[in-house]
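# Summary of the model geometry
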Amino acid sequence: MRFAPHTDDDVREMLARIGQGSLDDLFDSIPPAVRLERPLDIPGGLSEMEVLADLAALSARDRSVDELVCFAGGGAYDHYVPSVVWALAGRSEFQTSYTPYQPELSQGVLQALFEFQSMVCELTALEVSNASLYDGATALVEAVNLSRQGPRTRVLVADTVDPRFVQTLAAYGRGAGYEPELFPGAQGQAVAPSVGDDVACVILQHPNVFGILEPARSIFGAAHDGGARAVQIFDPLSLGVLAPPGQLGADVAVAEGQPLGNHLNFGGPYLGLIAARMDDVRRMPGRIVGETVDVDGRTGYVLTLQAREQHIRREKANSNICTNQTLMALAATVYLSWLGPRGLEEVGELCVARSHYAATRLTGIPGVQLAYPDAPFFKEFALRLPRSAAGVRDALLDRGILAGVPLPWAGSDVLLVAVTERRTRGEIDAFAEALAWSLKEGSS
Amino acid sequence: MRFAPHTDDDVREMLARIGQGSLDDLFDSIPPAVRLERPLDIPGGLSEMEVLADLAALSARDRSVDELVCFAGGGAYDHYVPSVVWALAGRSEFQTSYTPYQPELSQGVLQALFEFQSMVCELTALEVSNASLYDGATALVEAVNLSRQGPRTRVLVADTVDPRFVQTLAAYGRGAGYEPELFPGAQGQAVAPSVGDDVACVILQHPNVFGILEPARSIFGAAHDGGARAVQIFDPLSLGVLAPPGQLGADVAVAEGQPLGNHLNFGGPYLGLIAARMDDVRRMPGRIVGETVDVDGRTGYVLTLQAREQHIRREKANSNICTNQTLMALAATVYLSWLGPRGLEEVGELCVARSHYAATRLTGIPGVQLAYPDAPFFKEFALRLPRSAAGVRDALLDRGILAGVPLPWAGSDVLLVAVTERRTRGEIDAFAEALAWSLKEGSS
Amino acid sequence: MSASGGEAPTPPSTGAPVGAPVRRQGPPVQQGTIADQSRPGRRASAFPEPDVAATQLPAEHLRADPPGLPEVAERDLVVHYTRLSQMNYGVDTGVYPLGSCSMKYNPKSSEEAAALPGFRRLHPLQPDRTTQGVLEMLWRLEHALCEITGMARATLQPPAGACGELTGLLVMRAYHAERGSEKTKVVIPDAAHGTNPASVRLAGFQAVAVPSDDRGLVDVRALESIVDDEVAGLMLTNPNTLGLFERDIEEIAGIVKAVDGLVYYDGANLNAILGRCRPGDMGFDIVHINTHKTFATPHGGGGPGAGPVGVVDALVPYLPVPRVERDDATGVFHLEHDAPSSIGRMHGFHGNVGVLVRAYLYVFLHGSDGLREVSERAVLNANYLANLLQESYPLAYPDGAPMHEFVATAKRLRDQHGIRATDVAKRLIDLGYHPSTVYFPLVVEESMMVEPTETETVETLDALAAALRQVAEEAVSDPDLLRQAPVTTPVRRLDEARAARHLKLRW
Amino acid sequence: MSASGGEAPTPPSTGAPVGAPVRRQGPPVQQGTIADQSRPGRRASAFPEPDVAATQLPAEHLRADPPGLPEVAERDLVVHYTRLSQMNYGVDTGVYPLGSCSMKYNPKSSEEAAALPGFRRLHPLQPDRTTQGVLEMLWRLEHALCEITGMARATLQPPAGACGELTGLLVMRAYHAERGSEKTKVVIPDAAHGTNPASVRLAGFQAVAVPSDDRGLVDVRALESIVDDEVAGLMLTNPNTLGLFERDIEEIAGIVKAVDGLVYYDGANLNAILGRCRPGDMGFDIVHINTHKTFATPHGGGGPGAGPVGVVDALVPYLPVPRVERDDATGVFHLEHDAPSSIGRMHGFHGNVGVLVRAYLYVFLHGSDGLREVSERAVLNANYLANLLQESYPLAYPDGAPMHEFVATAKRLRDQHGIRATDVAKRLIDLGYHPSTVYFPLVVEESMMVEPTETETVETLDALAAALRQVAEEAVSDPDLLRQAPVTTPVRRLDEARAARHLKLRW
Ligand SMILES: Cc1ncc(COP(=O)(O)O)c(C=O)c1O
Ligand SMILES: Cc1ncc(COP(=O)(O)O)c(C=O)c1O
């Protein structure tokens, strides 16, 4: 199947008009030596019907969370995506447009992004946000780039931060010239590090990689005492219940925005959220939309502060991001408008209630305990199992349950269990029974 | 979940404005004796998440043609629906609008319907069509109402017409005052009936209920010799290959439009196609769109000839149709534009080729023959099996194959098999193997 | 389309609309239809390479020359129909106060529901054991609709209200026929919707009109004088097409039943009474429902709809086949085709199942309390809006208490300023709103039938009322502004007479 | 938004656009943002009734006052964002000749593909045995992209081109580091896209610019003089950002390789050479692809994209983890996390898989012949359009042979009539078209970078050219018309200086 509309006559007439003898002539400037003289070794030229059938067959070989009851989290969550979100974000005028370089033709996307920035600020109790970043992990990278100034180059990271974030920092750090330094915690919670005058930022995830609530105020206090920036990795869906980063003392807050109306998509497309204080506005990465007026005094929206960006600053730019995750930000905007303040609170309360119910049911099983019994958590908790977490997880697949995410680095017996508002009491009970059964199986 | 936006304050203020004390007061005109003093016995007030989960569970209990390889036809077919069809027909401006009573706000639907009418005329080689009817069977009812005039009241129907059509005629006929009269055929094909001056129309299905091509010209000739209208039930997807009704001599042509870009939907929503000669335009049922100009001379579209319709003619109207199947007609319009003349031909040729391949493969199995060996067919054929057709059909379900539609009225051993462009050679071979296997099973 | 096709007429400066529609971003107006873009050899479709030998059918059956379908690339197809969609006003565009149509918000989740493979990808002739899910859905919906209307059983087959009417009337006919009675007449109010008399005729009855009295209600005395043994039944919409509740319904039903007649409820206005009262409790024997009105299934610019018909016990035997039945012992569902007294088949298959799924979703999203809230808010909105408009557009029946909709009249504007209801409607378009129904019901001069529905906010109603009041003022200060309207639309007023005179019904 | 927010400015009569955009049907302009419609207590969301006991978290962790999210009903939400969508121009609206962005038709089938539950509803941390389908899809796509670019292996992790650049440069860095060499500089053409120098910096290198010569190509002699042992590599777009093919590519690559440098291919313009030649065959070692350009994955108004990076054999060890590997014995796929020399993780999970599915669909819909046809038609369209425009908008490099896009200049209009490229762009909007890229590349004054792509018809190109020529004439006859433009859009020219001065970045 092809989309170029040209008929043979079209091609002939167009070539005639431009005085070329053949299509090949158009490629004369390619040196013969580098021309490809054979067809590409790619099957197809298939019909839509065939390629979709092929993809449907591949999809059918996956066991999606429509089939498996999903207790997996660890940074991506099976939250409910209301129909309205993609019915609107999927409108083709949004979906098939490019970055709004011509604002008069792009007020739809621009206004939606202005609303997105506003909502992120409302969520975080911070002052400025942007039009989205790639995802949570790369948003943290940008927060670090924003924080590292002059002599302050070191990057301290609580060891209760998700290793995927730390690995991503490490990769980008090799180019930027830093190595993330982990500071030790205790009992699954961070403990305030000592912060010298060479430290750029202190990074805390709250709720952390175990789902546990951190003593954020004290950690951020330590950062500030040392003159460093406090950077929080947050869960956007927790902020109807939990105190927002801005009030905990975070200077920069970043998050994986997937829980806001975006599908699991095997890891992407998601979106990175970032918010900071107004003093940092000129160090913010990425697109920023601003409100202004047109020649008739009518309110409108434009990309602003572009002097920050790579296409102007070039080798002096703080960030190279160009294409971002605008459509996902648009989905998040619709989702947050659908939620409203009350809905945000309710979804958070449901996560808290059902995850705690699940923790109680599961730890009621002999040999199963919380990895950190006394720590408060939001929607995720780490279990210590009498057997290999991966083994148990695999066994429960046959019962139609995706039991969670093993955390081998924390112990081969540690399983991270996430419970969103979608998990019913019945599903949680079934999980508990299946777990009890599989542990018995194993031991007998 | 509810959609009324009113807050309690809204309600209070609105009641105050209209000088009512309570919402109940608004219902004072309902006599107390007939008021419902208890809540309706309907569960719910559920969230979207819950109702969709409930429906997904119900859906999961069906074995759809995504799971079963579909050889079922008999009036509804598993033709391919290109993505573009519902991406466009599903645009909310189309989907959430009402019948275009205000043409200036409805040029989108009106122009699309004008294009639909035009394409139906092109397909059928007839002169006038309309904005769609409910489905194929009710379209036939309308064709009969259109045909019955003065002393010509009788309705002759070939016995090779699908019984569902005849049953539908019979039901509506009780009100209109006729009973469809079957005239006998031979070898699965119709034979010209004698047509007296009391006959309104002669109805032929071509391809017929067995998928067989009829001697349409001779049947229609007989109808005309008797002064009756010739009515053809056609398959729109056959008309890239088969001569169109208008050229076969049909005065009125009707069809089930489902094959044109509409999903199976367990029987509906589909759409009824109707086309006739210009002399009958004022007897056409339903909405008709016409082209005209606005006060500035700009081309535009309106509902026209409304004097025919029930809202003007009331008890003198030929038809009572009001809401029709406009959105399905829009989908058919997009689909036909996607096909184009060449695509229409190709899809027809694929149906012919693959159905004949299937017939050969299946009749290669001992004891399996065509019910009407020598008759030419388009995409469907009737098999005579050594065992109960329903039994065989059920047995093959376990092999993931929906083998076809049993035709008990034609014999308990008769199975109607449809092969669309979607059925690959591999699927057909698998069907043949499964059938051979199940017949062996049965006999051993 | 004329070359100037797309030129946006410069609005008369006096008429710069207060809240003119935002212009969409768009390409130059394309000229004409999709066929006008056709180029020989261009195409969008592609099919698999043949994997079996081609077959030649007998020559006499073959088509000589291909039909004149457009030859366009997929990309141009998409631009064309996207553009057409943007030339269309839907509920998602704004308030749509079309009286008698209940154009309320259509939940987006209903698209997801209808797209579930177990509904969308199910063949209507699959064996019951492979369709238990959809059959249970239909069965549950049938029983919920019966509970809502107070009926015993229902058929979900009719694809729209008018078909539901005919279905109900054929049931009526079969009932009387089986009892050997020779009834020939069905009574309908003079204000009835056109489908009512048309259906009566198609059912083989003769329609007899009963006048409305000065309350806008059925004239009970007149009804008494009309009703005789020939009367098979009465059709009524309640609240009626004037938006008023027929308070004498018990007496009315009594009169008809006294001659063995059946009482038919046209459900177009069911939205007004959900959870408040039930046709069955008012004495109705047959009820049709328009799911595309009361239960928010999208109307698709003219259809699809669904017109389920419920009946009382005595009429159940006559309902169409097939019916969805449940074996209470096993809980297994099946389609029952065998019912000796049935009127037979009203649809080729099982009706508009894809629409019924949406109705199911709507009913169970709301539940009993939610449904009652629907009628409450619908009636509140209508009364609030009527109140805001009473000065400018008096009610046709000022003493009546409107329910979910009201009928106002532009008679005064016409008599004093030569402005007709249609002029008001067209000017309202320039202010960015879809107008109300006009010229229905026919019994009211210059009628404007307004149904805001329950899903509009008070702010929207205030804004709509302000716009309508502005138009009433303009009718006095600048009537030409109304006669010229609309000027903000892709086309302005269209010549309908010409359309009917010089028929151009295809390219 | 000002009260007059929606008033459609009356176009200066002289300026009545030839093919003005059709106005969309719409409600009055709503004032302001979704927050301005907020009413206390209103809401759209609903959740299940709690079926377990509520839990109180420690007080110090709780939020005191809720965030100021809008409180609106679902119906109003839908109207608001539907309206915003109609204020936006997309590929589905019309031609979108934005140079360097390959804004071609986005197949609708890619939505269906991405919505398949096995892709859309898959958790990134599920065990491999439950994700064999998606892993095979990714594996097949990786190998197809390698065949197209002539690379050995590729990572699909980078979510966009810029991230791909950095990924490639970090691979370059790791490669040199492992060989103990102390290279510090990366050479880029002065006309390079801004992400190139920015990525170079973020990779810890110093960017060194090489000038273009009067052919608009890399000045090879200048390059020779720049390149020394400190040079880690060169980044090049080919065809370059002027739309011209770097004919000296072999010599250029040779110069860099002579000092052990690596050559990086920025794939933004890959559309021009699909199936014609491959970066790998030109001597490139590292290639990034923008799937949202070359492979028609929808750009969503700014993103998402995907920026796969392919490398030659010697660089495979440095690719990010996890990687999709296939056990050839069993045919089983798994995610490999363990690769000692890997640069590590460039994305939190596996990249924009939902975008990659769409790229997969696009690649296999076309196949080898189809992909070659893409570049053929893209180059044909660009040359045809350039030809139609040469009188009015001369090419920046008249002697160069444009490939899939060309850079013209409005310099003459500026010098003679004070009309700038931006004025041309804004006037083109009033004629209903999306303008080309303007002011990039920076090396060309008043540059207009035009990329029609292969999916536009010759009729569309003719019409676009006619409109652009009309604008050039108007620049002489009625320059004010251009300076006033646009007048047909929801807003007219916006005050960007003010936006940057008085920062209003949130409500
Ligand atoms: C009062 C009344 N009865 C019957 C109908 C016909 O219903 P349908 O359009 O679903 O056939 C309508 C539709 O407008 C109506 O308003
Ligand atoms: C030449 C060139 N390089 C790199 C990029 C950056 O790609 P992305 O926007 O996908 O990050 C672009 C995008 O416009 C480009 O045109």
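Before reading further, recall that the structure is shown in the block above.
The rules behind each value
Residues numbered from 1 in each chain as written. Chains lettered and ligands numbered in written order. Predicted model: local features only at pLDDT ≥ 70, side-chain atom pairs only at ≥ 80, totals over all residues. Heavy atoms only, no water. Helix = DSSP H or I, 4+ residues; strand = E, 2+ residues; numbered from the N terminus. Rg over C-alpha atoms; globule rule 2.2 N^0.38 Å. Buried < 20%, exposed > 50% of the residue type's maximum accessible area, 1.4 Å probe, protein only. Contact = heavy atoms within 4.5 Å. Areas by Shrake-Rupley, 256 points an atom, 1.4 Å probe, with all protein chains shown as cover. Lys, Arg positive; Asp, Glu negative; His and termini not counted. Charge placed at Lys NZ, Arg CZ, Asp CG, Glu CD. Buried area = accessible area lost by both parts, 1.4 Å probe. Salt bridge = Lys/Arg side-chain N within 4 Å of Asp/Glu carboxyl O. Polar contact = N/O pair within 3.5 Å; in protein donor to acceptor, adjacent residues only side chain to side chain. Near = heavy atom within 4 Å. Nonpolar A, V, L, I, M, F, W, Y, C, P; charged D, E, K, R; others polar. Phe/Tyr/Trp six-rings, centres within 6.5 Å; stacked < 30°, edge-to-face > 60°. Expected span 1.5 Å × (residues − 1). Pairing = 2+ DSSP bridges. Axes fitted to C-alpha atoms, helices over the stretch in contact; angles between N-to-C directions. Parallel < 35°, antiparallel > 145°, perpendicular 65-115°, else oblique.

The number of helices and strands found in chain C is 16 helices and 13 strands. Computed over C-alpha atoms, the radius of gyration of chain C comes to 26 Å, within 12% of the 23 Å expected from 2.2 N^0.38 for 507 residues, which places it in the range of a compact globule. Principal-axis analysis of the C-alpha atoms gives chain C an extent of 75 × 70 × 45 Å. Relative to its 507 residues, chain C shows a buried fraction of 71%. A sequence separation of at least 24 residues applies to 71% of the contacts in chain C between residues at least 6 apart. Accessible area for chain C stands at about 14,200 Å²; split by element, carbon and sulfur atoms hold 49% of it. Chain C carries 47 positive and 63 negative side-chain charges, and their two centres are separated by 6 Å.

Listed as interface residues are 188 residues of chain A and, on the opposing side, 203 residues of chain D. Taking both partners together, chain A and chain D bury about 17,100 Å²; carbon and sulfur atoms supply 61% of that area. On the chain A side of the interface with chain D, the three residues burying the most area are Tyr98, Glu104 and Phe266 of chain A, jointly 6% of the side's total. Counting across the chain A and chain D interface gives 14 salt bridges. Its salt-bridge partner being Glu104 of chain A, residue Lys426 of chain D comes within 2.7 Å of it at the nearest N-O pair. There are 96 residue pairs in polar contact (both at pLDDT 80 or more) connecting chain A and chain D. Examining the composition of the side of chain A that touches chain D, we find that 22 residues originate from one element, helix α11 (residues 326-363) of chain A, more than from any other.

With that settled, the discussion passes to the site of ligand 1. Close to ligand 1 lie 15 residues, the nearest being Thr323 of chain B together with Ser100, Asp266, His292 and Lys293 of chain C. Positioned at a junction of chains, ligand 1 has nearby residues supplied by chains B and C. Between ligand 1 and Ser100 of chain C there is a distance of 2.5 Å, counted from an oxygen atom to a side-chain nitrogen or oxygen. Between ligand 1 and the protein, one listed contact pairs an oxygen atom with a backbone N or O atom of Gly161 of chain C at 2.8 Å. Burial of ligand 1 by the protein chains amounts to 99% of its free accessible area of 390 Å². Taken together, the elements giving at least two residues each to the shell around ligand 1 come down to α5 (161-178) and α10 (291-294) of chain C. Counting residues per element, the shell around ligand 1 draws most heavily on α5 of chain C, which supplies 3 residues. When the residues that make up the shell around ligand 1 are grouped by side-chain class, the tally is 5 nonpolar, 7 polar and 3 charged.

Another aspect to go through is the interface of chain A and chain C. Taken together, the 16 residues of chain A in the interface contact 16 residues of chain C. Summing both sides of the interface, chain A and chain C together bury roughly 1,300 Å²; the carbon and sulfur share of this comes to 58%. On the chain A side of the interface with chain C, the three residues burying the most area are Met1, Pro5 and Ser83 of chain A, jointly 30% of the side's total. Applying the counting criterion to the chain A and chain C interface returns 1 salt bridge. One salt bridge in this structure joins Asp10 of chain A and Arg42 of chain C, with 3.0 Å as the shortest N-O distance. Among the secondary structure elements, those contributing two or more residues to the side of chain A that touches chain C are α2 (48-60), α3 (83-89) and α4 (92-95) of chain A. For the side of chain A that touches chain C, the class distribution of residues is 7 nonpolar, 4 polar and 5 charged.

A few words now on the environment of Arg492 of chain D. Residue and element names in this part refer to chain D. Inspection of the secondary structure assignment puts Arg492 in the loop between α15 (479-484) and α16 (496-501). According to the relative accessible area criterion, Arg492 is buried, its value standing at 8%. Along the sequence, Arg492 and Leu217 sit 275 residues apart, while their C-alpha atoms lie 38 Å from each other. Here Gln484 takes part through its backbone oxygen, which lies 2.8 Å from a polar atom of the side chain of Arg492.

With that out of the way, let us pick up the packing of aromatic side chains. All names here are of chain B. Applying the stated criterion across every chain yields a total of 32 aromatic pairs over all chains. For the ring pair Tyr335 and Trp338, a centre distance of 6.1 Å and an interplane angle of 25 degrees mean the geometry is stacked. Separated by 3 residues within a single helix, Tyr335 and Trp338 lie in helix α11 (residues 326-363), roughly one turn from each other. By the burial criterion, Tyr335 is buried, and Trp338 matches it.

With that out of the way, let us pick up α5 of chain C. Side chains of residues three or four places apart in an α-helix project in the same direction, reflecting 3.6 residues per turn. A rise of 1.5 Å per residue sets the reference length of α5 of chain C, with its 18 residues, at 26 Å; its end C-alpha atoms lie 25 Å apart and thus fit the reference within 8%. One or two residues past the end of α5 of chain C sits Gly180 of chain C, with phi positive at roughly 70 degrees.

What follows is about the sheet that holds strand β4 (residues 181-183) of chain B. Backbone hydrogen bonds are what pair the strands of a sheet, in a parallel or an antiparallel way. All names here are of chain B. Taken together, the 7 strands give an open sheet; going across it, the order is β2-β10-β9-β8-β7-β3-β4, and neighbouring strands pair in mixed fashion. Looking at the sheet topology across the chains shown, the edges are occupied by β2 (128-129) and β4. Strand contacts of helix α6 (residues 136-147): β3 (154-158), β7 (199-205), β8 (229-234), β9 (252-256) and β10 (272-276), with the helix running at about 165 degrees to β9, the strand carrying the most contacts. Its contacts with the sheet put helix α7 (residues 163-176) on β3, β4, β7 and β8, and the angle it makes with β3 is roughly 165 degrees.

It is worth spelling out the site of ligand 2 at this point. Not every one of the 15 residues close to ligand 2 is listed here, only the nearest: Thr323 of chain A together with Ser100, Asp266, His292 and Lys293 of chain D. Neighbouring residues of ligand 2 are not confined to a single chain but are spread across chains A and D. One of the side-chain N or O atoms of Thr323 of chain A is found 2.6 Å from an oxygen atom in ligand 2. Ala162 of chain D is positioned with one of its backbone polar atoms (N or O) 2.8 Å from an oxygen atom of ligand 2. Considered on its own, ligand 2 offers 390 Å² of accessible surface; in the complex 99% of this is hidden by protein. Among the elements of the structure, α5 (161-178) and α10 (291-294) of chain D are those that each provide at least two residues to the shell around ligand 2. Per-element tally for the shell around ligand 2: the top contributor is α5 of chain D, with 3 residues.

To continue, consider the pattern of salt bridges. The full count for this structure, using the stated rule, is 131 salt bridges over all chains. A salt bridge links Lys411 of chain D to Asp415 of chain D; the shortest N-O distance between them is 3.1 Å. Separated by 4 residues within a single helix, Lys411 of chain D and Asp415 of chain D lie in helix α12 (residues 411-417), roughly one turn from each other. Lys411 of chain D gets classed as partly exposed once you look at its relative accessible area, which sits at 31%. Residue Asp415 of chain D is classed as partly exposed on the basis of its relative accessible area, which comes to 47%. Here the salt bridges share partners, and the residues they tie into one network are Arg2 and Asp24 of chain A together with Arg276, Arg372, Glu373, Glu376 and Arg377 of chain D.

The axes of two packed helices give the description: the angle between them and the distance between them. Two numbers describe how helix α7 (residues 163-176) of chain A lies on α5 of chain D: the axes approach to 10 Å, and their chain directions differ by 70 degrees. In terms of their interaxial angle, α7 of chain A and α5 of chain D are classed as roughly perpendicular. Contacts between α7 of chain A and α5 of chain D involve Ala171, Tyr172, Arg174 and Gly175 of chain A from the former and Cys163, Leu166, Leu170 and Arg173 of chain D from the latter. Here the contact of α7 of chain A with α5 of chain D is built from residues that sort into 5 nonpolar, 1 polar and 2 charged.

What follows concerns the side chain of Ser64 of chain A. Along the chain, Ser64 of chain A falls in the loop between α2 and β1 (69-70). Assessed through its relative accessible area of 4%, Ser64 of chain A is described here as buried. Sequence-distant contacts of Ser64 of chain A, defined by excluding residues within four places in its chain, comprise Pro117, Gly118, Arg121 and Leu122 of chain D.

Residues and elements named next belong to chain B. Counting buried residues in strand β12 (residues 299-303) gives 5 out of 5 residues, a clear majority hidden from the surface. Residue alternation in β12 divides its side chains into two sets, Thr299, Tyr301 and Leu303 and Gly300 and Val302, and both sets are buried. Linking strand β11 (residues 289-293) back to β12 in an antiparallel pair, the connection comprises 5 residues, with Gly297 at a positive phi of about 80 degrees.

Residue and element names in this part refer to chain D. The 7 strands lie next to each other as β2-β8-β7-β6-β5-β3-β4, forming an open sheet whose pairing is mixed. With one partner strand each, in any of the chains shown, β2 (153-155) and β4 (206-210) form the two edges of the open sheet. Averaged over all pairs of adjacent strands, the angle between strand axes in this sheet comes to 25 degrees, irrespective of strand direction. With 3 bridges joining them, β2 and strand β8 (residues 309-311) adopt antiparallel strand pairing. Each bridged residue has a counterpart across the sheet, and for Arg153 the counterpart in β8 is Val311. The sheet contacts of α5 involve β2, β3 (185-189), β5 (231-237), β6 (262-266), β7 (286-288) and β8, and relative to β6 the element is tilted by about 175 degrees. In the packing of helix α6 (residues 195-202) onto the sheet, the strands contacted are β3, β4, β5 and β6, and the crossing angle to β3 comes to about 175 degrees.

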